[in-house]
Amino acid sequence: MITPLKKNPGHHGGIIAILVLATAALVVSTTRPRPAATSTQPVQPPSPLPGAVVATAAEPATTTAVIDDRSPLIAKGSTSYDEMRTSHVGVPVHGWLEKTRATSLGRTVRSGETLGVIYSVDVLLTTASVVNQVRDFHGPEALDAERWRLLRWGMPQSTLSHIEKTLTPQASLPLIARIPGTVVAEAGSAAQLVAPSTGLELFTITDPAHIWVFVDVPNAYAARLAIGTPAKLTIDGVARPLTAKVAYVYRYSEDGMRKVRFELHTTSAHIKPDMPVTAEFAGKP
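Let us look at the packing of aromatic side chains. Evaluated as defined, the whole model comprises 5 aromatic pairs. Geometrically, the ring pair formed by Phe214 and Tyr250 is tilted, given 6.1 Å between the ring centres and 50 degrees between the ring planes. Here Phe214 is found in strand E10 (residues 210-218), whereas its partner Tyr250 is found in strand E12 (residues 242-254), with 36 residues between them in sequence. On the accessibility criterion, Tyr250 (25% relative accessible area) is partly exposed.

Taken in spatial order, the 6 strands of this closed barrel run E1-E10-E13-E12-E11-E14, and their pairing is antiparallel. Pairwise comparison of adjacent strand axes, ignoring direction, gives a mean angle of 40 degrees for this sheet. The pairing of E12 with strand E13 (residues 257-265) spans 5 bridges and is antiparallel. In the sheet register, Val249 faces E13, and the bridge partner there is Val260.

The biggest cluster of nonpolar side chains holds 26 residues, and the ones touching the most others in it are Val217, Phe262 and Phe281. At the level of elements, strand E1 (73-81), E10, helix H5 (219-224), strand E11 (230-235), E12, E13 and strand E14 (276-281) are the ones that each hand at least two residues to this core. No other element matches E10, which puts 4 residues into this core. Every residue in contact with Val217, bar those within four places of it in the chain, is listed here: Leu73, Ala75, Ala222, Gly256, Met257, Arg258, Val260 and Phe281. In this structure, Val93, Val109, Trp153 and Ile205 belong to the second largest nonpolar core, which totals 24 residues.

Definitions and cut-offs
Residues numbered from 1 in each chain as written. Predicted model: local features only at pLDDT ≥ 70, side-chain atom pairs only at ≥ 80, totals over all residues. Heavy atoms only, no water. Phe/Tyr/Trp six-rings, centres within 6.5 Å; stacked < 30°, edge-to-face > 60°. Helix = DSSP H or I, 4+ residues; strand = E, 2+ residues; numbered from the N terminus. Buried < 20%, exposed > 50% of the residue type's maximum accessible area, 1.4 Å probe, protein only. Pairing = 2+ DSSP bridges. Axes fitted to C-alpha atoms, helices over the stretch in contact; angles between N-to-C directions. Core = buried A, V, L, I, M, F, W, Y, C linked by side-chain atoms within 4.5 Å. Contact = heavy atoms within 4.5 Å.

In structure tokens, the structure reads:
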């Protein structure tokens, strides 16, 4: 006869307790939040909204300078005779110089007036060639070439016509005033040997009441400068400043500057060439 085992309540209670603890641990491990995965990629900041201003610590702060358009512009320059009213009488050919007067400086001369004469072998040979071409005419080409040489040297047309009419060569080349005006500069002496290679300017004739003033202004300013813009001109040696308007703005630029020309007409200021000038423009154009 088999006797059944007796139940041990204490032993079965321990097993149940162990099962309960294991179940609780499994539940806790499956419900615990997992940590976020780490990444080596840099975190990108969110894109700013349209129109938003984003400030970064890496960029230094900047300031903007405000230029006052009303501030005057000061430009430097110098004076010159009006080249449209000025004639320069140089040495056109090699020879001996003879002046009609001991000096013509300061004199008022008329257009066509003879200021001096150059006696030249070249002139004698060329006029002789003209005479031969007229006497033994074989065509206009050679004759015109000799005529053009004399005219380029400054021989008056009336003198050339007289040579051809009389068939008489001459060695003298008259130095003629091409425009009326005042002789403001003179060089050379009587019985002096002269040559074109020296670049000697024998007479300068002009109207000294008409003066040009040149000043240098920055390219950016010159590009916006309109003809007729007024400026105050202070000329060294002239007691009072003069007011003038811009007459011309030159296109040529040098070292970031362009020349601006003013035209003055004054009989009381006695302005001469190469006098320093300061021009003051009222404001930005």
